[in-house]
Amino acid sequence: MKPYVFERQVQTYLQADVIVIGGGPAGTAAAISAARCGRKVVLLEKSAQMGGMGTLGNVSVFMPIGNVTGIYREIISEMLAEYLPPDHDQSIAPQYSPFLMRQYLNEKMKKEQVQVFYHTEFIGTVREGSRIKAVIASTREGLKAFEAERFIDCTGDARVAIDAGVPYHSGREEDGLTQPMTLMFMMQNTGKPVTPLLPEGCYDYKDIADLPQGRRLYWEQNNDGTLLVNMSRVKANGAKIEEVNYAETEALRQVFSIAYYLQKTGFETYTLSHIAPQTGARETNQIQGVYTLTEQDVVNGTRFPDVVAQTNYEIDIHSPDGKRTTDERKISGYDIPYRCMVPEEIDNLLIAGRPISATHVAMSSMRMQATCYALGQAAGNAAAISLDDSSSMRLISMDKLHAALQHQGVRFLV
C-alpha cells in the first residue's frame, strides 16, 4: 500500500529532567527512584491507571523471585505487610487486590512528587544524533511534545526504543513466535449455588484436557472468597495489530467458557466478578542492548559486576505454538546486568522491564513483576547519575549506581 508522510508542528507541553514512558512496575519504580534523587520526573501512561498488567491486566499475584528488596519490598511493607519476610533473601507470592494497588500507586506518586499524565500514549521520538530530544504523545488535547534530558522506555513493547531506531527481535530465535496471551479474571464465592452461564459462541469444556492450558491454574489466598484465574491461552503476539484483535475476542470467549467449567467442577458457589480490561502479553519485543542475557546465564547462575536485579524465578515458557504445554525448569538464581537495559545507539535512553536485551528463554524467567520493579529502580537511579555526571547512560559509574541503589534499600544476594 502507498505510504504517507505525516508532518505537523507539535507544541511542547512541558520539560523535565527524566521522562518515563509507561506506568507498569518498571515505570513506576523508575519514576519513584529518579524523583528521590531530586530530579523533576514525568510519567506518561496510555491507560487510566498505573501498575501495568498487575492492575490493568489483573495479574494480581507477585510470583516468587527470591529477593524481596528495594521499592518492591517497600510496596509489600506498605500494602501487603502480612506477607513481608524478615529479610530480603526469601521468596513470597502474595495475591493482592488490583483495585487497591491502583489507588496505592496513585497516592505513592503524589507523595514522591512524580507528575503522572494518564491517557497519554507514546506516538514517536524526536531524535537529534545520538540523543532523543523529545517524545510525541497523543493526549486528550491532541498531539503534544514532552522534552527531557533522559528518557526511560517502560512501555513493555520497547516502543520508544524501536521508534528511535534501536535494533530488536521478537519471540523465539528460530521462528519469532512469542509466548501466548492470557486474559485474567476473578470469581467471587457467593456462599450459595449459582446458575452456570455459557454465552453464545463459547466452548463447553468437559474435562481438564479440553482447557486452553490443559490445567487448572488459580489462586485463592486471602480468605475473602476471591479466586484469581489464569487459565486462558491464545496464540498471538501482543505487539501485532491483527493478532491482538484476534486475542481480545478469543480470550474473552475462553474466559466465559472456563468460568462455566469451574462452576460445574468444584466452584458451584462462585460467580464471575471481574474480567481484566485487556488481554495480557507475556512476550513481545526485546531490544538489542550492550549485553544480551542468555539461557546459559539463567541456567548457570551467572553473576555480573554491573548487576542491577536478581531472580531465581524458574524458566517458564508457555508454548508459543499454542499447545497445552509449559516448559518449566527450576533454577538457583542469577544476576541481570545493567548493560541489558542500555542500547548502543542512543546516549540518553534506557529500557526497563520485560523488553530488555534477553533471549526468548532468558526473558521467560526475568519477566516477572517484581523483577521489573527492580529493573525500573535501577534505571531511575542511573538516569539521575548520568545527569549528575553529564555522562551518557552507557558510561555511568557502577560504583555510584550500586551506592545509590543501596541508599534506596536495594540489597543483592551474594
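Predicted model only: the values in this text are computed from it and were never measured.

A.B. asks: Give a detailed account of the nonpolar core, specifying residues and quantitative values.
C.D. replies: Formed by 72 residues in total, the largest nonpolar core has its most connected members in Val 20, Ile 152, Leu 293, Tyr 338, Met 341, Leu 375 and Leu 401. When residues of this core are assigned to their parent elements, the largest contribution, eleven residues, is made by helix 8 (residues 369–389). If near-sequence neighbours (up to four positions away) are discounted, Leu 293 is found in contact with Val 298, Phe 304, Tyr 334, Asp 335, Ile 336, Pro 337, Cys 340, Ser 357, Ala 358, Thr 359, Ala 362 and Met 366. Of all hydrophobic cores here, the second largest spans 23 residues; its members include Leu 14, Ile 19, Leu 44 and Phe 122.

A.B. asks: Tell me about the sheet that holds strand 11 (residues 270–275), and name the residues and values.
C.D. replies: What holds strands together in a sheet is hydrogen bonding between their backbones, with the strands either parallel or antiparallel. Spatial strand order, 9-10-8-11: four strands in an open sheet with antiparallel pairing. The open sheet has two edge strands, strand 9 (218–219) and strand 11, and neither has a second partner. As judged from the four bridges shared by strand 8 (residues 185–189) and strand 10 (residues 226–229), these two strands associate in the antiparallel manner. Bridge assignment links Phe 185 to a residue of strand 10, and that residue is Val 229. The sheet strands contacting helix 5 (residues 241–264) are strand 8, strand 9, strand 10 and strand 11, and the helix crosses strand 11 at an angle near 160°.

A.B. asks: Can you break down the packing of helix 8 against helix 9 (residues 398–407) residue by residue, with the values?
C.D. replies: Between helix 8 and helix 9, the least distance of the axes is 10 Å, while the angle of their chain directions is 125°. Classified by the interaxial angle, the pair formed by helix 8 and helix 9 is oblique. Every pair of crossing elements has a handedness; the one defined by helix 8 and helix 9 is right-handed. When helix 8 is examined against helix 9, the residues Gln 377, Ala 378, Asn 381, Ala 382, Ile 385 and Asp 389 are found in contact with a partner set consisting of Lys 400, Leu 401, Ala 404 and Leu 405.

A.B. asks: Explain the pairing of strand 8 to me, using residue names and the numbers behind them.
C.D. replies: Relative to strand 11, strand 8 runs antiparallel, the two sharing five bridges. Looking across to strand 11, one finds that Phe 185 is bridged to Ile 275.

A.B. asks: Any chance you could break down helix 9 for me, citing the residues and the numbers?
C.D. replies: Three or more residues of helix 9 are buried, namely Met 398, Leu 401, Ala 404 and Leu 405. Mapping the buried residues of helix 9 onto a view down its axis gives an arc of 125°, with all of them on the same face. Among the exposed residues of helix 9, those pointing more than 90 degrees away from its buried face are Asp 399, Gln 406 and His 407. Packing partners of the buried residues in helix 9 comprise strand 13 (307–311) and helix 8. Capping the start of helix 9 is the job of one residue whose side-chain oxygen sits 3.3 Å from the backbone nitrogen of Asp 399: Ser 397. The first or second residue beyond helix 9 is Gly 409, which carries a positive phi of 95°.

A.B. asks: How would you explain the pattern of salt bridges if you had to name every residue and give the values?
C.D. replies: Per the counting criterion, the structure on display carries 25 salt bridges. With its nearest N and O atoms 2.9 Å apart, the salt bridge here joins Lys 108 to Glu 78. Here the residue Lys 108 occupies a position in helix 3 (residues 98–112), and Glu 78 occupies one in helix 2 (residues 70–79), the gap between them amounting to 30 residues. We classify Lys 108 as buried; its relative accessible area is 6%. Its salt-bridge partner being Arg 367, residue Asp 316 comes within 3.2 Å of it at the nearest N-O pair. One end of the pair, Asp 316, is in strand 14 (residues 315–318); the other, Arg 367, is in the loop between helix 7 (360–366) and helix 8, with 51 residues separating them in the sequence.

A.B. asks: Outline the environment of Leu 100, supporting the account with residue identities and numerical values.
C.D. replies: By the element assignment, Leu 100 lies in helix 3. For the pair formed by Leu 100 and Met 79, sequence separation is 21 residues and the distance between their alpha carbons is 8.5 Å.

A.B. asks: Lay out the side chain of His 318 in plain terms, naming residues and giving numbers.
C.D. replies: By the element assignment, His 318 lies in strand 14. Only 2.8 Å separates the side chain of His 318 from the side chain of Arg 233, close enough to count as a polar contact. When sequence neighbours within four positions are dropped, the list of residues in contact with His 318 reads Gln 179, Pro 180, Gln 213, Arg 215, Arg 233, Arg 282, Thr 325, Thr 326 and Arg 367.

A.B. asks: Describe the environment of Ile 123, and please don't skip the residues or the numbers.
C.D. replies: Mapped onto the elements, Ile 123 comes out in strand 4 (residues 121–128). A relative accessible area of 43% means that Ile 123 is categorised as partly exposed. Separated by twelve residues in the primary sequence, Ile 123 and Val 135 place their C-alpha atoms 7.4 Å from one another.

Reading guide: rules and limits
- Residues numbered from 1 in each chain as written.
- Predicted model: local features only at pLDDT ≥ 70, side-chain atom pairs only at ≥ 80, totals over all residues.
- Heavy atoms only, no water.
- Core = buried A, V, L, I, M, F, W, Y, C linked by side-chain atoms within 4.5 Å.
- Buried < 20%, exposed > 50% of the residue type's maximum accessible area, 1.4 Å probe, protein only.
- Helix = DSSP H or I, 4+ residues; strand = E, 2+ residues; numbered from the N terminus.
- Contact = heavy atoms within 4.5 Å.
- Pairing = 2+ DSSP bridges.
- Axes fitted to C-alpha atoms, helices over the stretch in contact; angles between N-to-C directions.
- Parallel < 35°, antiparallel > 145°, perpendicular 65-115°, else oblique.
- Left-handed = near helix turned anticlockwise from the far one by under 90°.
- Arc of directions from axis to C-beta.
- Polar contact = N/O pair within 3.5 Å; in protein donor to acceptor, adjacent residues only side chain to side chain.
- Salt bridge = Lys/Arg side-chain N within 4 Å of Asp/Glu carboxyl O.

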